[in-house]
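# Chain and residue survey
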Amino acid sequence: MPSYPDTHYAAEWQHCLQTTPAAALAQVQRLAQQHQQELAAHFYEQMLQDSVAAPLLDHEQVQRRLNASMQAWIAGVFQATPEQDLLPLVAQQKHIGDVHARINIPMHVVLRGARALKDRMYALLQPAPESGAEGLISRVMDLTMEIMGQAYARSHDQHSQAKEAYRHFALAQNVSTERERRRANLLDWENQLMFAHAVGSDTAQLPQLGQSEFGLWFRHKGAHVFQGTPECATILTTMEAIDQQHLPAILQADASAADKLALLHTLRDHARRIAFLLDSLFEQSGAMETGRDVLTRLLNRKFLPVVLDKEVHYARRSGHSFAVLAIDLDHFKSVNDSYGHEAGDLVLQQVATALSQHSRGGDYLFRLGGEEFILLLVDCSAEMAQRTAERMRAQLASEVLNLPHGQTLQITISVGVALFNGHPDYQTLLRRADTALYQAKHLGRNRVEMARD
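Everything in this summary refers to the structure shown in the same document. (Residues numbered from 1 in each chain as written. Predicted model: local features only at pLDDT ≥ 70, side-chain atom pairs only at ≥ 80, totals over all residues. Heavy atoms only, no water.)

Summarising burial for strand β6 (residues 413-419): 6 of the 7 residues are buried, a large majority. Where strand β1 (residues 323-329) meets β6, 7 bridges bridge the pair, whose relative direction is antiparallel. If you follow Val 324 over to β6, its bridge partner there is Ala 418. The sheet contact formed by β6 and strand β7 (residues 448-450) spans 3 bridges and is parallel. Among the inter-strand pairings, Val 417 is bridged to a residue of β7, identified as Met 450. Where the polypeptide runs from β6 across helix α16 (residues 426-442) and back to β7, its parallel neighbour, the crossover connection is left-handed. (Buried < 20%, exposed > 50% of the residue type's maximum accessible area, 1.4 Å probe, protein only. Helix = DSSP H or I, 4+ residues; strand = E, 2+ residues; numbered from the N terminus. Pairing = 2+ DSSP bridges. Right-handed = clockwise from strand over helix to strand, strands pointing away.)

As structure tokens, then:
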């Protein structure tokens, strides 16, 4: 996408300041300094009344953090002088546009907020605005919105392209093998259900389809790949009906044996219909290999933003939570230095296999590069995430890894765990996991540390 360079915007901004009368420039600078708190409060008051913006701003942590950031933004943008280097301010506007695209704040909502802020600043100039003051506010606000808009459009296009590529990639395994694996998962759930009913389990112990290996895979992966198809919508609706209606109805106190038998037949029919629809979806799908790490066959970092963005939106919509585990091999450099890169590659492959054993059908395991991995655990609590991390750490610490020429090696990992806390920007979650990982390294390695909010 063609775009103006930062120097173009810096020169335009400088010209705007240079051509503004000194009295008007001073008046706007004083207004920004003295009223930044009031202006920020007005901005968020308007935004929280907007049906599109409010869901993204209603989280207390975001409001608290963004309010202070908005005050700093107002002071920085409107207190700029013609003599200062304006490139950092241009870069700041581009960064803000990137963040807006990442957390999916529509540009029209940003422009609505800018208009509200501009009108409030005009009102605060009264009753004696200096000549040129309103023009300066308007030109600076328009310029910052243009810079943000350019960055937003670029980031949004890149993210859209990555999402579309991920849809094609997500079935990169052999289609027939993947189809049989998911059919087997569905059959396992059906068998578990029949057994649980036969031994007289209560409703709480009947296995829910949505929480089964098949259900986790379909809700977090299959539904994304097949989105927009009628088969996908039918499968999701059927799964919800099974878990919310049919399973509880089986154990109603007044249900007769004939009623329960009829319900079991209905459940089996539903499972068979899901299997039929799944076959149809797989037959419509192709497979691509891009986006997979060549050495370990795990996902690479290409689709990490897409997956995190998808899970953030799912968690905020459904009320479920998820966790990010940042994993790093301890002292891995010494493996390459002592045994060679061939040995290092073998270690990474065996570690990837071990980590995969702790992920379910709906989870995502990435190799970021080098000895760094990310495991995204869907539908989990903080306790579950910590237990999973501890099991991984303990298993790898005790496992003997094979090296070339009959040599062996043991290695440990450090893990930082961060639970999604409602913040719409997934970069915040990654930073918290990285900070926890750094803490684990700092405290001696071969340990798990939980991130704090």
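Having seen the model, we can carry on.
Turning to helix α14 (residues 341-356), a few remarks are in order. Because each turn of an α-helix spans 3.6 residues, side chains separated by three or four positions end up pointing in the same direction. For α14, spanning 16 residues, the distance from its first C-alpha to its last is 22 Å, which sits close to the expected 22 Å at 1.5 Å a residue. Those residues of α14 that sit buried are Ala 343, Gly 344, Val 347, Leu 348, Val 351, Ala 352, Ala 354 and Leu 355. (Expected span 1.5 Å × (residues − 1).)

Okay, the pattern of salt bridges next. In total, this model carries 15 salt bridges according to the counting rule given. In this structure, Asp 330 engages Lys 441 in a salt bridge whose closest nitrogen and oxygen atoms are separated by 2.8 Å. Here the residue Asp 330 occupies a position in the loop between β1 and α13 (332-339), and Lys 441 occupies one in helix α16, the gap between them amounting to 111 residues. With relative accessibility at 2%, the residue Asp 330 sits in the buried group. Each of Asp 328, Asp 330 and Lys 441 takes part in salt bridges that share partners, so that together they form one network. (Salt bridge = Lys/Arg side-chain N within 4 Å of Asp/Glu carboxyl O.)

What follows concerns the side chain of Glu 190. Relative to the helices and strands, Glu 190 resides in helix α8 (residues 175-198). Separated by 2.8 Å, the side chains of Glu 190 and Arg 268 make a polar contact. Ignoring anything within four residues of it in the chain, the contact list for Glu 190 reads Arg 268 and Ala 271. (Polar contact = N/O pair within 3.5 Å; in protein donor to acceptor, adjacent residues only side chain to side chain. Contact = heavy atoms within 4.5 Å.)

Quick look at the packing of helix α9 (residues 213-225) against helix α12 (residues 304-318) now. One way to put it is that α9 packs onto α12 with a least axis distance of 11 Å and a crossing angle of 115 degrees. Considering their axes alone, α9 and α12 lie roughly perpendicular with respect to each other. Once α9 is placed against α12, the crossing between them reads as right-handed. Residue-level inspection shows Arg 219, His 220 and His 224 of α9 in contact with α12, the latter providing Val 306, Lys 310, Glu 311 and Tyr 314. (Axes fitted to C-alpha atoms, helices over the stretch in contact; angles between N-to-C directions. Parallel < 35°, antiparallel > 145°, perpendicular 65-115°, else oblique. Left-handed = near helix turned anticlockwise from the far one by under 90°.)

A word on the sheet that holds β1. Adjacent strands of a sheet pair through backbone hydrogen bonds, lying either parallel or antiparallel. Strand order in this open sheet of 5 strands is β2-β3-β1-β6-β7, and the pairing throughout is mixed. Strands at the two margins of the open sheet, each flanked by one partner only, are β2 (364-369) and β7. The average angle at which neighbouring strand axes cross in this sheet is 20 degrees, direction not considered. Summarising the sheet, β1 and strand β3 (residues 372-377) pair through 6 bridges and their orientation is antiparallel. Residue pairing across strands places Asp 328 opposite Glu 372, the latter belonging to β3. Sitting on the sheet, helix α15 (residues 382-398) is in contact with β1, β3, β6 and β7, with an inclination near 170 degrees to β6.

Moving on to the side chain of Thr 238. In this fold, Thr 238 is placed in helix α10 (residues 230-250). Non-local contacts of Thr 238, meaning those with residues more than four positions away in its chain, are made with His 270 and Ile 274.

If you look at the biggest cluster of nonpolar residues, it comprises 49 residues, and the most contacted ones within it are Trp 13, Trp 73, Ile 74 and Phe 78. Not counting the four nearest positions on each side in its chain, Ile 74 is found in contact with Ala 32, Gln 36, Leu 39, Ala 40, Gln 79 and Leu 117. With 31 residues, the next largest nonpolar core counts Leu 298, Ile 327, Val 335 and Ala 354 among its residues. (Core = buried A, V, L, I, M, F, W, Y, C linked by side-chain atoms within 4.5 Å.)

Okay, the packing of helix α1 (residues 6-18) against helix α5 (residues 87-102) next. Each packed pair of helices is defined by two parameters, the angle between the axes and the distance between the axes. Contact geometry for α1 and α5: axes closest at 9 Å, N-to-C directions at 115 degrees. Taken as a pair, α1 and α5 cross one another with a handedness that is right-handed. Along its contact with α1, which presents Asp 6, Thr 7, Tyr 9, Ala 10 and Trp 13, the element α5 presents Leu 87, Leu 89, Val 90, Gln 93 and Lys 94. For the contact of α1 with α5, a count of residues per class yields 6 nonpolar, 2 polar and 2 charged. (Nonpolar A, V, L, I, M, F, W, Y, C, P; charged D, E, K, R; others polar.)

It is worth spelling out unusual backbone geometry at this point. In this structure, Pro 127 follows Gln 126 across a cis peptide bond, with omega equal to 10 degrees. With respect to the element layout, Pro 127 can be found in the loop between α6 (107-125) and α7 (133-169). Located in the positive-phi region is Arg 297, a residue other than glycine, with phi close to 65 degrees. Locating Arg 297 in the fold gives a position in the loop between α11 (257-284) and α12. One non-glycine residue, Asn 446, lies in positive phi territory at about 50 degrees.

Bringing the environment of Asn 402 into the picture now. Mapped onto the elements, Asn 402 comes out in strand β4 (residues 401-402). Sequence separation of Asn 402 and Val 347 is 55 residues, and the distance between their C-alpha atoms is 7.5 Å. Contacts of Asn 402, omitting those with residues within four sequence positions, involve Leu 346, Gln 350, Gln 407 and Thr 408.

Quick look at the packing of aromatic side chains now. Evaluated as defined, the whole model comprises 9 aromatic pairs. When the ring of Phe 43 is compared with that of Tyr 44, the centres are 5.0 Å apart and the planes differ by 90 degrees; the resulting orientation is edge-to-face. By the burial criterion, Phe 43 is buried, and Tyr 44 matches it. Here the aromatic residues Phe 214, Trp 217, Phe 218 and Phe 282 are joined through ring pairs into a cluster of three or more. The aromatic ring of Tyr 426 is capped on one face by Arg 102, whose charged end is 5.8 Å from the ring centroid. (Phe/Tyr/Trp six-rings, centres within 6.5 Å; stacked < 30°, edge-to-face > 60°. Lys NZ or Arg CZ within 6 Å of the ring centre and 35° of its normal.)

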